[in-house]
Amino acid sequence: MLNYLRLNLRDRSREVFIVVLLNGRNQVLDIIELFEGTLTTSAVYTSAVYPREVIKLIWEKDAAAVISVDNHPLANPNPSRDNQNITQKLKAACATIDVQLHDHLIIAGNNYTSLGDKGMV
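Residues numbered from 1 in each chain as written. Predicted model: local features only at pLDDT ≥ 70, side-chain atom pairs only at ≥ 80, totals over all residues. Heavy atoms only, no water.

So what exactly am I meant to see when it comes to helix α2 (residues 51-61) here?
The α-helix winds at 3.6 residues per turn, so residues separated by three or four positions along the chain end up facing the same way. Within the span of α2, buried status applies to Pro 51, Val 54, Ile 55, Leu 57 and Ile 58. Buried residues in α2, looked at end-on, bunch into an arc of 160 degrees, giving them a common side. Structural note: α2 exposes Arg 52, Trp 59 and Glu 60 on the side pointing more than 90 degrees away from its buried face. Phi for Asp 62, located one or two positions after α2, is positive at around 55 degrees. (Buried < 20%, exposed > 50% of the residue type's maximum accessible area, 1.4 Å probe, protein only. Helix = DSSP H or I, 4+ residues; strand = E, 2+ residues; numbered from the N terminus. Arc of directions from axis to C-beta.)

Next up, the structure:
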């Protein structure tokens, strides 16, 4: 899955926000591009990503867990304050419906960062 995400996101000129929906065995149910930034605004800018839209997809696909993903077109893999904020909002929203947010991945060129590995999820 990581290679698929890298190949599809590394060369994008705008930031996008994707959710990977997983079943109870952590198998991928669907990968959905939910938001796209503009030339001057990122997709994960706190007011651009709506946790309710993620929750809606979780219900529609009957997902048990989710991974959020966004790309950094300037190839900086470090999580921004907005990355950290939306991760915490999504984690809280998912917890209210007993769905686990497994990770938030940042794709930056051929590199990536896992907020889960950094203890930020």
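When you look at the sheet that holds strand β3 (residues 65-71) in this model, what are you seeing that I'm missing?
Here we have 5 strands laid out as an open sheet, ordered β2-β1-β3-β4-β5, and mixed in their pairing. Among the strands making up the open sheet, the edge pair consists of β2 (28-36) and β5 (111-114). For this sheet, the mean inter-axis angle between neighbouring strands, taken without regard to orientation, is 20 degrees. Here strand β1 (residues 16-22) pairs with β3 via 6 bridges, running antiparallel. Its bridge partner lying in β3, Val 20 is registered against Ile 67. (Pairing = 2+ DSSP bridges. Axes fitted to C-alpha atoms, helices over the stretch in contact; angles between N-to-C directions.)

When you look at the nonpolar core in this model, what are you seeing that I'm missing?
Inside soluble globular proteins, nonpolar side chains tend to come together where they are buried. Counting residues in hydrophobic clusters, the biggest one holds 18 residues, and the most contacted among them are Phe 17, Val 19, Leu 21, Ile 58 and Val 66. Residue assignment for this core shows that the elements contributing at least two residues are β1, β2, α2 and α3 (81-95). When near neighbours in sequence (up to four residues on either side) are disregarded, Val 66 contacts Val 19, Val 20, Leu 21, Ile 58, Cys 94, Val 99, Gln 100, Leu 101, His 102 and Asp 103. Residues Ile 18, Val 20, Leu 22 and Ile 67 belong to the second largest nonpolar core, which totals 11 residues. (Core = buried A, V, L, I, M, F, W, Y, C linked by side-chain atoms within 4.5 Å. Contact = heavy atoms within 4.5 Å.)

When you look at the pairing of β1 in this model, what are you seeing that I'm missing?
Every other side chain in a regular strand lies on the same face of the sheet, so the side chains alternate between the two faces. Across the 7 residues of β1, 7 count as buried, placing the element largely inside the fold. The sheet contact formed by β1 and β2 spans 7 bridges and is antiparallel. The residue bridging Val 20 from the neighbouring strand is Ile 31, located in β2. Remark: 5 residues form the turn of the hairpin made by β1 and β2, two consecutive strands paired antiparallel; Asn 26 in that turn has positive phi of roughly 60 degrees.

Just checking my understanding: could you explain the side chain of Thr 87 for this structure?
With respect to the element layout, Thr 87 can be found in helix α3. Residues in contact with Thr 87, not counting those within four places in the same chain, are Leu 101, His 104, Leu 115, Met 120 and Val 121.

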